[in-house]
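# Descriptive analysis of the structure
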Amino acid sequence: MRVLVINGPNLNMLGAREPSYYGVKTLDDILEALEEAARDLDVELEAFQSNHEGAIIDYVQANAPDASGIIVNAGALTHYGLALRDALIDSRLPIIEVHLSNIHAREEFRRHSVVADVAVGQIAGLGWKGYLYALEYFADEMKNRG
Ligand code: DQA
């Protein structure tokens, strides 16, 4: 099982960026922990980060055909990235939306997600472990399907 882990704009700045919202781990720290968990769960992870919506769309189009699911933290694109939303729909893959912070407890504009209704579910506010729980969900679903 191959799962894509996609991070959008500014998530390359994790560690230095508003730690009270996003924690102190860098994106590399998070991906390292995820890789370790993926090995235990027998899942193949493919990670991608970009600050550009078009680059993320290109990545989804190129990689979705060989993947079984997508974990996505679209950063601020979450709130207005309609082209990314369309690419996620076109992937026909199950999607789990992850946010480090609880977007529902912050500014009004963060409460709306254009990804939420095309996702299986959303994990928000649980910090970096949100990615881990999303990965565990996919591994578990896969196992249940045999
Ligand atoms: C975020 C929340 C977004 O509103 C913000 O623009 C981000 C990070 C999160 O992980 O909490 O870049 O997606």
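Our subject is the structure that appears above.
Fair warning: this is a prediction, and the values are worked out from it, not measured in the lab. (Residues numbered from 1 in each chain as written. Predicted model: local features only at pLDDT ≥ 70, side-chain atom pairs only at ≥ 80, totals over all residues. Heavy atoms only, no water.)

### Re the packing of aromatic side chains
- The tally for this structure, following the rule as stated, stands at three aromatic pairs.
- Ring centres 4.3 Å apart and planes at 0° place the aromatic pair F48 and Y59 in the stacked group. Residue F48 is found in strand 2 (residues 44-49), and its partner Y59 is found in helix 3 (residues 53-63); the two are separated by 11 residues along the sequence.
- Here the basic side chain of K25 rests over the ring of W128, its NZ or CZ set 4.9 Å away from the ring centre.
- The positively charged end of R106 is found above the aromatic ring belonging to Y21, 3.6 Å away from the centroid. (Phe/Tyr/Trp six-rings, centres within 6.5 Å; stacked < 30°, edge-to-face > 60°. Helix = DSSP H or I, 4+ residues; strand = E, 2+ residues; numbered from the N terminus. Lys NZ or Arg CZ within 6 Å of the ring centre and 35° of its normal.)

### Considerations on the site of the ligand
- Close to the ligand lie R17, Y22, N73, G75, A76, H79, H99, L100, S101, I103 and R110, which account for all nearby residues.
- One of the backbone N or O atoms of A76 is found 3.2 Å from an oxygen atom in the ligand.
- Within the side chain of H99, a nitrogen or oxygen atom sits 2.8 Å from an oxygen atom of the ligand.
- Contact with the protein chains removes 99% of the 320 Å² of surface that the ligand exposes when unbound. (Near = heavy atom within 4 Å. Polar contact = N/O pair within 3.5 Å; in protein donor to acceptor, adjacent residues only side chain to side chain. Areas by Shrake-Rupley, 256 points an atom, 1.4 Å probe, with all protein chains shown as cover.)

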